[in-house]
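Chains, contacts and geometry: an overview
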Amino acid sequence: MTTYGLLVFEDAEELDFVGPWEVFTASAMVRGEDDKAVLIAEESGPVRCNKGMRVLPDHVLDDHPKLDVLLVPGGRGAREAQLENPSVTGWIAKVAEQADWVTSVCTGSVLLHAAGPAKGRRVATHWSWEDALEARGDVTVVRDARYVVDGNLVTSQGVSAGIDMALWLIGRIHGRYHARTVRRYIQYEPAPPYLADEPL
């Protein structure tokens, strides 16, 4: 059984955790096992995310199942308020020591750096925060990579890159064939209608 714990907090970027949530829960369904994904927050009440979505956590920081995978999303909350929240950074540090895998999406890597697990490691983050994260020191920011694997730490660029990272991770845990099956099930076949480069 694999248990995925996705941290949520005020002003977390929605797709940073909802995209991987879809991958992890689809993986559990395809496997027909007791795998589960849970949302974890500092408090039990509704959490309002970066774009206004409200979610209700399943567990709080001091009461949750043992996590095999920890996921930290980005968003304004990750790079502002939570950086100065010792309850959250301390919890991340503690859980990271026990989990098999520690992951982040977007600027969740900034929060992982503040908490400790990303220090001295190779990481990815949102393109607009690469310089700022690098300036914090004791970290190697890998640019132009959708996701970066450094030991048991897997960090990814902005929002949709988290889906790529999650698919890689379930492939690493449960095999490539399984990951391909999940990808087909969720019909993840990116074909963006416009380029993401600088408009002319």
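First, a word on scope: everything that follows refers to the structure included in this document. (Residues numbered from 1 in each chain as written. Predicted model: local features only at pLDDT ≥ 70, side-chain atom pairs only at ≥ 80, totals over all residues. Heavy atoms only, no water.)

Two numbers describe a pair of packed helices, the interaxial angle and the distance between the axes. One can describe the packing of helix H1 (residues 14-31) onto helix H7 (residues 176-185) by two numbers: an axis separation of 9 Å at closest approach and a directional angle of 110°. If you check the angle between H1 and H7, you find them roughly perpendicular. In the packing of H1 onto H7, the handedness of the crossing is right-handed. For the pair H1 and H7, contact is made by Val23, Ala26, Ser27, Met29, Val30 and Arg31 and by His178, Thr181, Val182 and Tyr185, respectively. Across the contact of H1 with H7, the residue classes tally to six nonpolar, three polar and one charged. (Axes fitted to C-alpha atoms, helices over the stretch in contact; angles between N-to-C directions. Helix = DSSP H or I, 4+ residues; strand = E, 2+ residues; numbered from the N terminus. Parallel < 35°, antiparallel > 145°, perpendicular 65-115°, else oblique. Left-handed = near helix turned anticlockwise from the far one by under 90°. Contact = heavy atoms within 4.5 Å. Nonpolar A, V, L, I, M, F, W, Y, C, P; charged D, E, K, R; others polar.)

In this section: the sheet that holds strand S7 (residues 101-105). One open sheet holds the seven strands; their spatial order is S5-S2-S1-S6-S7-S11-S10, and the pairing between them is mixed. Edge positions in the open sheet fall to strand S5 (59-60) and strand S10 (147-150), since each of these has one partner strand only. Across four bridges, S7 lies against strand S11 (residues 153-156) in parallel orientation. By the bridge assignment, Ser104 is partnered in S11 with Thr155. Running at roughly 150° to strand S2 (residues 36-41), H1 makes contact with strand S1 (3-7), S2, strand S6 (69-72) and S7 of the sheet. Sheet strands touched by helix H3 (residues 86-98): S1, S2, S6 and S7. Its angle to S6, the strand with the most contacts, is close to 150°. (Pairing = 2+ DSSP bridges.)

What follows is about the pairing of S1. Across the five residues that make up S1, a large majority, five, are buried. On S1, burial covers both faces: Thr3, Gly5 and Leu7 on one face and Tyr4 and Leu6 on the other are all buried. In the sheet, S1 pairs with S2 via five bridges, with the strands oriented parallel. Directly across from Leu6, in S2, lies its bridge partner Leu39. (Buried < 20%, exposed > 50% of the residue type's maximum accessible area, 1.4 Å probe, protein only.)

This part covers the pattern of salt bridges. Counted under the stated rule, the structure contains eight salt bridges. Salt-bridge contacts for Arg143 lead to Glu130; the nearest nitrogen and oxygen are separated by 3.3 Å. Of this pair, Arg143 sits in the loop between strand S9 (140-141) and S10 while Glu130 is found in helix H5 (residues 130-135), placing the two residues 13 residues apart along the sequence. When its relative accessible area of 33% is taken as the criterion, Arg143 is described as partly exposed. (Salt bridge = Lys/Arg side-chain N within 4 Å of Asp/Glu carboxyl O.)

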